[in-house]
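Residues per chain, in single letters:
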Amino acid sequence: EAIAALEKAVEVAPWWKGALAVGYARTGQEGPARELLAEIEAGPVSPWDAYWLAAVHAWLGDADAALRWLDHGHPHAWVPWVRVLDLFEPLWDDPRFVEVLERMNLPPRRG
């Protein structure tokens, strides 16, 4: 149901493609997630796009790319929430994630 809702959202507001890509990745639909990743990465990447690209790459198991997108030049206002939102849970145990938090002047995760 969530995927269907996100697909409808993208029809109305294409900037939600990143959220749909995360939905695909989290439900094991790697092919569609990678298709949307390629589409988003092919255009100019906004801070909003970088946020979603980081989450998609995290759920696809590509921590290197996820961390690179989190370090995108002008981060989106939601980036400070990476330490608590489960969108980024696959990165939480990566020592490089702690370094990203430090660069953002964010406290480390607890528990």
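Our structure's up above, just so we're on the same page.
Residues numbered from 1 in each chain as written. Predicted model: local features only at pLDDT ≥ 70, side-chain atom pairs only at ≥ 80, totals over all residues. Heavy atoms only, no water.

Caption draft 1: Seen up close, helix α5 (residues 63-70). For α5, every residue scored as buried is listed here: A65, A66, L67, W69 and L70. On its buried side, α5 packs onto α3 (30-42), α4 (47-59) and α6 (95-103). (Buried < 20%, exposed > 50% of the residue type's maximum accessible area, 1.4 Å probe, protein only. Helix = DSSP H or I, 4+ residues; strand = E, 2+ residues; numbered from the N terminus. Contact = heavy atoms within 4.5 Å.)

Caption draft 2: Spotlight on the pattern of salt bridges. Following the criterion strictly, the structure yields six salt bridges and no others. For D64, the salt bridge identified is with R96, shortest N-O distance 2.3 Å. Here the residue D64 occupies a position in helix α5, and R96 occupies one in helix α6, the gap between them amounting to 32 residues. Classification of R96 as partly exposed rests on a relative accessible area of 33%. The shortest N-O distance in the salt bridge between R96 and D94 comes to 2.7 Å. (Salt bridge = Lys/Arg side-chain N within 4 Å of Asp/Glu carboxyl O.)

Caption draft 3: Examining the nonpolar core more closely. Core analysis: the largest hydrophobic core is formed by 36 residues, its most contacted members being L70, V82, F88, L91 and F97. Going through the elements one at a time, α1 (2-12), α2 (17-26), α3, α4, α5 and α6 are the ones with two or more residues in this core. Sort the elements by how many residues they give to this core and α4 lands first, with nine residues. Here V82 is in contact with Y51, L70, F88, W92, F97 and L101, once residues within four sequence places are set aside. (Core = buried A, V, L, I, M, F, W, Y, C linked by side-chain atoms within 4.5 Å.)

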